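Structural characterization, general
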Amino acid sequence: MRVVVLTGAGISAESGVPTFRDADGLWEGHRVEDVATPEAFDHQPSVVHRFYDARRAALLAVQPNPAHHALARLEAALGDDLLVVTQNIDDLHERGGSTRVLHMHGELRSALCRGCGGRSPWDHELADLPPCPRCGVTELRPDVVWFGEVPYEMERIQQTLDRTDLFVSVGTSGAVYPAAGFVQYAGRRGARTLELNLMPSEGTHLFDEARHGPASELVPAWVDEVLG
Ligand SMILES: [Zn+2]
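One structure accompanies this document, and this report is about it. (Residues numbered from 1 in each chain as written. Predicted model: local features only at pLDDT ≥ 70, side-chain atom pairs only at ≥ 80, totals over all residues. Heavy atoms only, no water.)

**What to know about the pattern of salt bridges**
In a structure, side chains of opposite charge can pair up when their charged atoms sit close to one another. Inspection of every chain in the model, using the stated rule, returns 19 salt bridges. Across the pair Asp91 and Arg109 runs a salt bridge whose closest N-O atoms are separated by 2.7 Å. On the criterion of sequence distance, the pair formed by Asp91 in the loop between strand S4 (82-86) and helix H6 (92-95) and Arg109 in strand S6 (residues 106-113) is long-range, its members being 18 residues apart. Linking Arg189 and Asp162 is a salt bridge whose minimum nitrogen-to-oxygen distance equals 3.0 Å. Placement of the pair is Arg189 in the loop between helix H8 (182-188) and strand S10 (192-197) and Asp162 in helix H7 (residues 154-162), with a sequence separation of 27 residues. Exposure remark for Arg189: the relative accessible area of 40% places this residue in the partly exposed category. You can call Asp162 partly exposed: its relative accessible area is 33%. Where salt bridges share partners, they join Asp91, Arg95, Arg109 and Asp123 into one cluster. (Salt bridge = Lys/Arg side-chain N within 4 Å of Asp/Glu carboxyl O. Helix = DSSP H or I, 4+ residues; strand = E, 2+ residues; numbered from the N terminus. Buried < 20%, exposed > 50% of the residue type's maximum accessible area, 1.4 Å probe, protein only.)

What follows is the structure, given as structure tokens:
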């Protein structure tokens, strides 16, 4: 059985990672348009750098939860037949033991060079404008896909959805495209579709089945079912 699992903020929220869209519409006290758009970076690069530097440092204080660990367990059983596509920019899937993870919205622990286009693993700050390890110019930005930018590896995601038997969405609001469109795409290609989310998402009616509750409970239970 080939499985694609799409994950979103809900799975990391249970580890204590602040979600992008809290009830007040702010992300750690910032408006999205002030820290998560190319325009914000052009106008106030130091504000944007400090914001992501703080998010990167905060990763050290959080740990993967049972939902992350369960997906690693599923990968151990399914191997290449499982792909985790995450909208999250944290590294909790990897630290939970997953290796086949596609970060469609980029990664906090990576820097993108506006000079050469190279992506480099990054665990330090960017606010002090370090040089690119590849080309030496000081044009590094957070390797995060901002509003108005195209997510990574859409072609590979689409090709994987084309031949998947089961599409599972975990902890996503169903409000952010293109990820919100994956359920319909996979369903049209013949995949069964399952939502695991704290609350019914905006697209919950598009799934063949939906279960609602904490990811740290729903995901391990579902993985047990699949492996049982
Ligand atoms: Zn470079």
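**Description of the coordination of the zinc ion**
The zinc ion binds to the protein through Cys113 (SG), Cys116 (SG), Cys132 (SG) and Cys135 (SG), with metal-donor distances spanning 2.3 to 2.4 Å. In this structure, the zinc ion is surrounded by four donor atoms whose angles at the metal cover 105 to 113°, and the resulting shape is tetrahedral. Counting the intervening residues between successive donors of the zinc ion yields the motif C-x2-C-x15-C-x2-C. Within this pair, whereas Cys116 is found in the loop between S6 and strand S7 (119-121), its partner Cys135 is found in the loop between S7 and strand S8 (140-144), the two being separated by 19 residues in sequence. (Donors = N, O, S within 2.8 Å, 3.2 Å for Na, K, Ca; no water. Tetrahedral: all angles 85-135°; square planar, octahedral: opposite > 155°, others 65-115°.)

**Structural notes on the environment of Gly10**
Structurally, the position occupied by Gly10 is in helix H1 (residues 9-13). The sequence separation of Gly10 and Gly117 amounts to 107 residues, and the corresponding C-alpha distance is 31 Å.

**Structural notes on the sheet that holds strand S9 (residues 166-170)**
Hydrogen bonding along the main chain pairs the strands of a sheet, whether they run parallel or antiparallel. On the basis of which strands lie adjacent, the open sheet formed by six strands has the order S5-S4-S1-S9-S10-S11 and parallel pairing. Looking at the sheet topology across the chains shown, the edges are occupied by strand S5 (101-103) and strand S11 (209-212). Across the sheet, the axes of successive neighbouring strands diverge by a mean angle of 15°, strand direction being ignored. Bridge analysis of S4 against S5 gives three bridges, and the strand direction is parallel. (Pairing = 2+ DSSP bridges. Axes fitted to C-alpha atoms, helices over the stretch in contact; angles between N-to-C directions.)

**A look at the nonpolar core**
One finds Val3, Val5, Val168, Val170, Leu196, Val219 and Trp222 to be the most contacted residues of the largest nonpolar core, which totals 21 residues. Those elements that provide at least two residues to this core are strand S1 (3-7), helix H5 (66-78), S4, S9, S10 and helix H9 (215-227). Setting aside residues no more than four positions away along its own chain, Val170 makes contact with Val5, Leu6, Thr7, Gly8, Ile11, Leu196, Ala215 and Val219. Core analysis: the next-biggest nonpolar cluster, separate from the first, contains 16 residues, Leu6, Val85, Met104 and Ile157 among them. (Core = buried A, V, L, I, M, F, W, Y, C linked by side-chain atoms within 4.5 Å. Contact = heavy atoms within 4.5 Å.)

Treat this as a map of the structure, not an account of what it does.
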